[in-house]
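Residues per chain are reported as follows:
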Amino acid sequence: MSRVHNNEDREAWIGIQRKTFTRWANQYLPPGNKIEELVPDLADGTVLASLLGRISDENVGRINSKPKMDIQKLENLNQCLKFIRDHDIPLVNIGSSDILKGNEKLVLGLLWTIILRFEVSGADGKAGLLLWLQRSTKGYTNVDVKDFTSSWTDGLAFNALIHRYRPDLLEFDGLSPAEGLANCEQAFSIAEDKLGIARLLDPEDVVEHPDEKSQVAYLSQFFKLFAGQAKLESKLRAVKNAVAVTRRHDDWMNQYTQLSKEVQDFVSSNKSRFENAPALSATDDVKAALDDFNTYMNNVKPEMASKRAEAEGVYTTLVSSKRNNNRPEFSAEIPPADLGAAWESLEHAEQSYERQMLDRYLSYRMADHAVAKFKAKSVAVNVWLDEKLAVFGEGVKGGSVSELETELEMHASYESRLKLYDTVMEELRAIVAKAETSEGHAGVADASQGMRDLDEKMSTCKSQGESHRSALESALESEKALAAKDKLYLQKINELDFLVDQLDQSLSEDITGATTAEMTELQGQMGSIEQSVQAALTSVDEVSALAAEIESKRPDAKDHCAQQRSRIESMQSKVNSLQSDLGSVLAAEQRRDELSQRFAGLANEFASFCDGQRAALGGVSGSLDDQKEAIAKLRSEVAGEDSAGAAKLAALEEASQACEEAELVANTYTTHTIFSLRSNHEQLLKDLKRADEAISAQLMAQKSLQISPEQLKEAQEIFSVFDTDNDGKLRLSELREACLGAGIDLDDQELESRMRARSSTMVFTQDDFIAFFVDELQSGDSKDDVVEAFKAIAPEGSLSSEQIQKNFGAIDADLASYLQGNMSDGDYVKFTEQLFTR
């Protein structure tokens, strides 16, 4: 009252207080019990008792509701004063008789004391309230709150206060300090119409005669509203964080379920396909099946392998997030272990199928070669047998001794050739027997039948030949011998002709072999042919000598021997050329085998590396920071210029390129391809990235629950303001002021309870206060925190669609929509229980 200079001003302030305190009290009093004249209406104690009960939410005690005598009124008033003293509210120089007699000054003082205690949270809570007002209006142009009087006369501080917490209700920029009445009217109207704050003051009260007590009473209403809203918003973040975690988990569970089902269906269909391979009878059909298998392995399977790896990555991320957020384990319809087992069974079926097809392909190629060789060799035998059977069918034609001797000589030549053809027949049987080891080959049956027909024809020829010889010997009586040299010549030239024909036929065959072993066998056969050529050269020398001696009898023998010599020398040149070609083919095949083995070794090593990294990812544990560091280390090992993963993949790419250049069709040493390994590596990188993003999201969600550095600084500054004796400690009364300054609205009983829970001595150090400050400004995201957040909105236990939209719509429209769609009955406890099952 130091600013009051005359009775007129004093009366003005008393009038403002009377009006303000009346309006303040009436906002709590029930209809039919409102104050019309402040001092007279409080005189009997009934209205005062009702007011105290309303603002404290407690029973004042026994009150006479209709007192007639002064003694009854005094009893009511004494009960009210006792209630006030019981709440540690100091009363100075006022008794029940002062109120009964209508001492306005003392009555206004009593109401001021009640306002300070129940509205401003302390016997002298003005300091805390003033600090909160200063913090709330800091930074606004032309606003500098230093007190509860002159700092508010231009109305700007009221507008700044509203704009700070509800910027949607007014535009602050453009307000002029010169328009005090208009500014106050705007602020008071918005506060009353939009915020539900009773108009305790009129603009003239503030502009012309600002009264501290009246303005404290009015401004405390703003504190209660805005501090409560800030606390509610903090609680609502618990709902947002918990729902976000559940929705992430739902997305991951759906993603894993879809991917695992797709992989399982893929495994089932393809496993059945490879376990029931078709019966193929032609080499080209087997080759087409192998080409189709390679297309599947290179183009079809890698995509599904990527989805399988993605499913496992999603599952790992989900398990980690559930563990970090204390959510129940995910019980998958198809567990990763079952998915892995199914995948292994598919790969077993693939390997068995590929081995079966490769073995059949190699077997059929061998059979093709054998059948072709049989057909080529059997032609000459058939022609010879047909010729001899025709001769035998004509019977003995010669009538003279010389003719018979000639026929007998020709028959001897036949018998000599027959013995040589026995060797050919054995070779043909071996060829057919080899072909018959290839089961299911369509051409083998024809070769087998051809061999049976040839055996039958040979048997017939032998039988008829023996009969023909008997006939010739019976007919020949005088001519029994031929010239020795001529006979020897015929024998030698016959053997030589046969050997040259056989060598010529062998050298006309293609060099074919499916494996290095077969190529090596062919190389040995070529060495045997070379030896036979050398033997033929020796034989032609012998026969040429005989031909020279019987030239008079057989003038064409010499030329015949010269022709055979020329053929043999040409064969020798061809043998040298074929040996060179065979060596090149064998070297190339050996090189292809080496390339296959090198790629297989690198592929198997790289696949194991990826599996190991994926297993390490699944085993990441510890704090979120530890998990993030571990995942970063795994990523550096898998990717990057100098990483082990990049080096292994580069070596693989080089080996694959070499195999491609060598035109390798299939690699029997590994089931992996460069495509599946690239996909595996890319999926591993995606898994690591997804896990890192999930951990980062959880860290961000965790950090969102903590106060910012700016808030921490504010807490330290508030502590310093109210540590008036600089002993580094706050008592309960000081803590009340500090809570006001921090915007924390707690009633005395709750504040005392929380302080006692933290300090048995009822003294807070700065660390105690900061921990208390953190607890009040942050919200957890446990199940209980979420229920408490809902309860703050709807204490009756049911949340309406309108309440959801009102409280969550402005924070997050998507969240509000989710809550409305999943809480149709409004039972937020049931909703929360369900939320934390995922």
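Residues numbered from 1 in each chain as written. Predicted model: local features only at pLDDT ≥ 70, side-chain atom pairs only at ≥ 80, totals over all residues. Heavy atoms only, no water.

- As recorded in an unreviewed UniProt entry, the chain goes by the name Alpha-actinin-1, listed as coming from Hondaea fermentalgiana.

1. Thoughts on the overall build of the chain
Argument step 1. Along the backbone of the chain there are 29 helices and zero strands.
Argument step 2. Its C-alpha atoms give the chain a radius of gyration of 55 Å, more than 25% over the compact-globule value 28 Å for 838 residues.
Argument step 3. Counting only C-alpha atoms, the chain reaches 185 × 50 × 45 Å along its principal axes.
Argument step 4. Within the chain, the fraction of its 838 residues that count as buried is 44%.
Argument step 5. Contacts spanning at least 24 positions in sequence make up 75% of the contacts within the chain whose residues lie at least 6 apart.
Argument step 6. Accessible surface computed for the chain: about 41,200 Å², of which carbon and sulfur atoms make up 47%.
Argument step 7. Averaging the positions of the 93 positive and the 142 negative side-chain charges in the chain gives two centres separated by 5 Å. (Helix = DSSP H or I, 4+ residues; strand = E, 2+ residues; numbered from the N terminus. Rg over C-alpha atoms; globule rule 2.2 N^0.38 Å. Buried < 20%, exposed > 50% of the residue type's maximum accessible area, 1.4 Å probe, protein only. Contact = heavy atoms within 4.5 Å. Areas by Shrake-Rupley, 256 points an atom, 1.4 Å probe, with all protein chains shown as cover. Lys, Arg positive; Asp, Glu negative; His and termini not counted. Charge placed at Lys NZ, Arg CZ, Asp CG, Glu CD.)

2. A short note on the side chain of Gln 505
Argument step 1. Note on placement: Gln 505 falls in helix H16 (residues 484-508).
Argument step 2. Once residues within four sequence positions are removed from consideration, Gln 505 is found in contact with Ala 376 and Lys 377.

3. A closer look at the UniProt feature "coiled-coil region" (unreviewed entry) in the chain
Argument step 1. In the numbering used here, UniProt assigns the "coiled-coil region" (unreviewed entry) feature to residues 561-605.
Argument step 2. The annotated region residues 561-605 carries 100% helix and 0% strand content, and the separation between its end C-alpha atoms amounts to 65 Å. (UniProt positions renumbered as here; feature names shortened; annotations may be inferred.)

4. Let's talk about the environment of Ser 150
Argument step 1. Residue position: Ser 150 is located in the loop between helix H7 (126-137) and helix H8 (156-165).
Argument step 2. Ser 150 gets classed as partly exposed once you look at its relative accessible area, which sits at 43%.
Argument step 3. Expressed as a C-alpha distance, the spacing of Ser 150 and His 209, which sit 59 residues apart in the sequence, is 9.3 Å.
Argument step 4. For Ser 150, the side chain forms a polar contact with the side chain of Asp 147, separated by 3.0 Å. (Polar contact = N/O pair within 3.5 Å; in protein donor to acceptor, adjacent residues only side chain to side chain.)

5. Re the packing of H8 against helix H9 (residues 180-193)
Argument step 1. Where H8 meets H9, the closest approach of the two axes is 8 Å, and the angle between their N-to-C directions is 35 degrees. The interaxial crossing formed by H8 with H9 has left-handed handedness. Across from Leu 156, Phe 158, Asn 159 and Ile 162 in H8, the residues of H9 making contact are Asn 183, Cys 184, Gln 186, Ala 187, Phe 188, Ile 190 and Ala 191.
Argument step 2. Of the residues in the contact of H8 with H9, the class split is eight nonpolar, three polar and no charged. (Axes fitted to C-alpha atoms, helices over the stretch in contact; angles between N-to-C directions. Left-handed = near helix turned anticlockwise from the far one by under 90°. Nonpolar A, V, L, I, M, F, W, Y, C, P; charged D, E, K, R; others polar.)

6. A short note on the packing of H7 against helix H23 (residues 732-742)
A pair of packed helices is captured by two measures, namely the crossing angle of their axes and the spacing between those axes.
Argument step 1. One can describe the packing of H7 onto H23 by two numbers: an axis separation of 7 Å at closest approach and a directional angle of 20 degrees. Accordingly, the angle class assigned to the pair H7 and H23 is roughly parallel. Read as a crossing pair, H7 and H23 show a hand that is right-handed. Here Lys 126, Ala 127, Gly 128, Leu 129, Leu 131, Trp 132 and Arg 135 of H7 lie close against H23, whose contacting residues are Glu 737, Leu 740, Gly 741 and Ala 742.
Argument step 2. Counted by class, the contact of H7 with H23 contains six nonpolar, two polar and three charged residues. (Parallel < 35°, antiparallel > 145°, perpendicular 65-115°, else oblique.)

7. So, the nonpolar core
One broad trend across soluble globular proteins is that nonpolar side chains are buried collectively.
Argument step 1. Counting residues in each nonpolar core, the largest one holds 69 residues, and the members touching the most others are Leu 48, Leu 52, Ile 114, Leu 133, Phe 158, Tyr 218 and Phe 222.
Argument step 2. Counting residues per element, this core draws most heavily on helix H6 (residues 104-118), which supplies nine residues.
Argument step 3. When residues no more than four places from it in sequence are discounted, the contact partners of Leu 133 are Val 145, Phe 148, Trp 152, Leu 161 and Leu 219.
Argument step 4. Formed by 34 residues, the second largest nonpolar core is a distinct cluster that contains Val 263, Leu 290, Phe 330 and Trp 343. (Core = buried A, V, L, I, M, F, W, Y, C linked by side-chain atoms within 4.5 Å.)

8. Thoughts on the packing of aromatic side chains
Argument step 1. Enumeration according to the criterion identifies 31 aromatic pairs in this entry.
Argument step 2. Plain terms: the ring middles of Phe 158 and Tyr 218 are 6.0 Å apart, the flat faces sit at 45 degrees to each other, and that makes the pair tilted. Note that Phe 158 is positioned in helix H8 and Tyr 218 in helix H11 (residues 212-275), a separation of 60 residues in sequence. This pair shows no difference in class: Phe 158 is buried, exactly as Tyr 218 is.
Argument step 3. Where Phe 222 meets Phe 226, the ring centres are 6.3 Å apart and the plane angle is 40 degrees; that geometry is what we call tilted. Of this pair, Phe 222 and Phe 226 both sit in helix H11, four residues apart, which is roughly one turn of that helix. We note that Phe 222, like Phe 226, is buried.
Argument step 4. In textbook terms, an aromatic cluster arises when at least three aromatic residues are bridged by ring pairs, as seen for Trp 132, Trp 152, Phe 158, Tyr 165, Phe 188, Tyr 218, Phe 222, Phe 223 and Phe 226.
Argument step 5. It is Arg 164 that lies over the ring of Tyr 165; its NZ or CZ is 4.6 Å from the centre.
Argument step 6. Sitting above the plane of the Phe 836 ring, Arg 327 keeps its charged end 4.2 Å from the centroid. (Phe/Tyr/Trp six-rings, centres within 6.5 Å; stacked < 30°, edge-to-face > 60°. Lys NZ or Arg CZ within 6 Å of the ring centre and 35° of its normal.)

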